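Residue-level structure breakdown
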Amino acid sequence: MPLLDSEVKHPLGHRNQVSGGPEESPLTDTSRESKLAPKPTDIEETGLSKWLLADLLCKHLIEAGVLDLGELAQRIALPGKVVEELLHFLREEGRVELRSRRDNSPLLRYGLTERGRYGAIDALQKDGYVGPAPVTLEHYRELVGIQSARLFRYSREAIKSIFADTVIRSELIDRLGPAIHSGRAIFIYGDPGTGKSYMSRRMKRALGAPVILPHAIAVGESVIRYFDPSIHAPVDHPDDTSNTGLHQGFDARLVRCERPLVVAGGELTMDLLELQFDRNTRQYGAPLQLIANCGLFVIDDLGRQQISVETLLNRWIMPMEERRDQLALNNGRHFSVPFDLALIFATNLEPTQLADDAFLRRIGYKIRFKPASRGEYEAIWKQVCELLGIKFDNQLFGYVVDELHAVQDTPLMQCYPRDLLQLASEHCAY
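In this report, we go over the structure that sits alongside the text. Here the structure is a predicted model, which means the values were calculated and not measured. (Residues numbered from 1 in each chain as written. Predicted model: local features only at pLDDT ≥ 70, side-chain atom pairs only at ≥ 80, totals over all residues. Heavy atoms only, no water.)

1. A word on the overall build of the chain
Scanning the chain from N- to C-terminus turns up 17 helices and 19 strands. Residue burial in the chain is summarised as follows: out of 430 residues, 51% are buried. In the form shown here, the chain has an accessible surface area of approximately 20200 Å², with 49% of it arising from carbon and sulfur atoms. (Helix = DSSP H or I, 4+ residues; strand = E, 2+ residues; numbered from the N terminus. Buried < 20%, exposed > 50% of the residue type's maximum accessible area, 1.4 Å probe, protein only. Areas by Shrake-Rupley, 256 points an atom, 1.4 Å probe, with all protein chains shown as cover.)

Shown next as structure tokens:
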């Protein structure tokens with residue numbers, strides 16, 4: 001079992017079945033990404049209405065004041081040619097006008113007219129989102145489908161190499177390997193301290209290479225803020241020098257990032273699983289399971305959430321079975337989104353104490369984590385010693401196991417080496 005969590009912490013083409021290892025990911029190079037999500041060359045290719053984009057551009061102008069073409073392109077994450085098309089439309093509408101250029105700058109600058117300011121204020125009252133242009137809901141569905149972690153298949157050797165730095169039994173790897181790519185929920189249970197939470201998080205390693213995901217999603221004329229910097233970790237391509245991705249080969253409305261890892265513990269409430277609408281800012285936020293698509297969602301310490309286990313499990317019975325979820329906008333409009341993620345329930349309780357047979361039947365894998373053997377415990381102890389810069393003492397280790405654990409009949413929990421050696425190290429420092 002584990003030691004420590006080192007991680008403190010347009011058409012898209014054909015879907016590819018990937019086998020082997022991460023090097024065969026469909027998203028390992030920019031040229032491939034360019035084919036999956038090419039840059040739009042005009043407004044029509046964005047899939048969005050001209051009015052939505054025009055209102056978004058005006059909201060940027062009322063927020064920032066006078067901007068040139070390059071600044072607008074960076075803010076709205078669309079090519080200059082598309083922004084020029086929008087500016088031409090807005091000038092015809094009398095909402096945008098030319099302003100004086102900066103010294104020695106060849107770029108034209110644009111600002112809102114009085115009519116444009118009123119229009120921008122009205123647009124903000126309807127939808128407060130100001131940021132990169134969104135992708136359509138259909139575009140997002142296709143992105144998730146072609147980047148699904150279920151499309152990746154790793155051999156036993158590949159899975160073992162992924163967890164080579166983790167002390168874990170071979171038979172447990174053989175159960176976790178098929179489970180993570182099955183597309184079915186996983187129930188991990190066992191005594192406290194056996195490494196359930198740690199291993200749950202580490203399983204993100206087996207989901208494949210980075211993905212491209214949107215900043216925001218448009219559902220009709222409403223925009224849902226999707227990219228969450230606290231969860232989505234951007235991965236820069238070595239040839240990319242732009243923070244906005246405008247120089248990348250793919251659509252800049254998307255961000256290349258690591259597969260998401262969402263962990264929800266006792267703080268989980270039902271509203272975090274629904275579309276969130278802030279009436280003050282007039283903005284929508286994506287629920288946790290939507291943000292976790294193409295990645296891993298861990299419900300940690302199941303049974304200690306602020307909502308009942310029955311309520312939580314009932315919320316996901318149909319999404320787990322149909323691989324899609326239903327959400328609703330503030331105006332009552334319902335729409336479906338992918339439910340394409342590796343879902344793990346980790347708990348100290350027996351599964352039968354938490355759910356009935358109908359729900360447990362939908363859990364594809366139920367994996368019990370047990371205390372370590374003496375050999376595993378020693379391997380973990382040595383790893384912690386190396387991490388803390390402590391020389392391994394075989395005599396001391398034997399004393400801990402034979403005189404402390406054995407005499408007090410305390411199981412060899414995987415968390416104890418870290419806890420004991422850190423306490424000892426802190427005491428010595430004092």
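2. Considerations on the sheet that holds strand β4 (residues 109-112)
Taken in spatial order, the three strands line up as β2-β4-β3 in an open sheet, and their pairing is antiparallel. Every other strand in the sheet has two partners, leaving β2 (67-68) and β3 (96-99) as the edge strands with one partner each. In this sheet, β4 lies alongside β2 in antiparallel orientation, the contact comprising two bridges. By the bridge assignment, leucine 67 is partnered in β4 with tyrosine 110. (Pairing = 2+ DSSP bridges.)

3. Re the packing of helix α15 (residues 374-388) against helix α17 (residues 416-429)
The geometry of α15 relative to α17 is characterised by a closest axis approach of 9 Å and an angle of 40 degrees between their N-to-C directions. By the angle between their axes, α15 is oblique relative to α17. For the pair α15 and α17, the sense of crossing is right-handed. Facing Tyr377, Ile380, Trp381, Val384, Cys385 and Leu388 of α15, the residues of α17 in contact are Tyr416, Pro417, Arg418, Leu420, Leu421 and Gln422. Its residues placed into classes, the contact of α15 with α17 shows 10 nonpolar, one polar and one charged. (Axes fitted to C-alpha atoms, helices over the stretch in contact; angles between N-to-C directions. Parallel < 35°, antiparallel > 145°, perpendicular 65-115°, else oblique. Left-handed = near helix turned anticlockwise from the far one by under 90°. Contact = heavy atoms within 4.5 Å. Nonpolar A, V, L, I, M, F, W, Y, C, P; charged D, E, K, R; others polar.)

4. As for the side chain of threonine 347
Structurally, threonine 347 can be placed in strand β18 (residues 342-347). Owing to a relative accessible area of 1%, threonine 347 belongs among the buried residues under this scheme. At 3.0 Å, the side chain of threonine 347 and the backbone oxygen of leucine 302 are in polar contact. A polar side-chain atom of threonine 347 sits 3.0 Å from the main-chain amide nitrogen of leucine 349. Setting aside residues no more than four positions away along its own chain, threonine 347 makes contact with Phe187, Ile188, Tyr189, Gly190, Lys196, Leu302 and Leu354. (Polar contact = N/O pair within 3.5 Å; in protein donor to acceptor, adjacent residues only side chain to side chain.)

5. Remarks on the environment of leucine 67
Inspection of the secondary structure puts leucine 67 in strand β2. Along the chain, leucine 67 and arginine 109 lie 42 residues apart, while their C-alpha atoms are 5.3 Å from each other. When residues no more than four places from it in sequence are discounted, the contact partners of leucine 67 are His60, Leu61, Leu72, Arg75, Leu108, Arg109 and Tyr110.

6. Things to note about the sheet that holds strand β13 (residues 276-278)
Across the sheet, which stays open at both edges, the five strands sit in the order β5-β9-β10-β14-β13 with mixed pairing between neighbours. Two strands in the sheet have a free side with no partner beyond their single neighbour: β5 (135-136) and β13. Bridge count between β13 and strand β14 (residues 283-285): three bridges; the pairing is antiparallel. Directly across from aspartate 278, in β14, lies its bridge partner glutamine 283.

7. Concerning the nonpolar core
Counting 54 residues, the largest nonpolar core has Phe297, Ile299, Trp316, Phe335, Leu343 and Phe345 as the members making the most contacts within it. Every residue in contact with leucine 343, bar those within four places of it in the chain, is listed here: Arg184, Ala185, Ile186, Phe297, Ile299, Trp316 and Met320. Judged by nonpolar contacts, the second largest core, of 30 residues, contains Ala54, Leu78, Leu87 and Val96. (Core = buried A, V, L, I, M, F, W, Y, C linked by side-chain atoms within 4.5 Å.)

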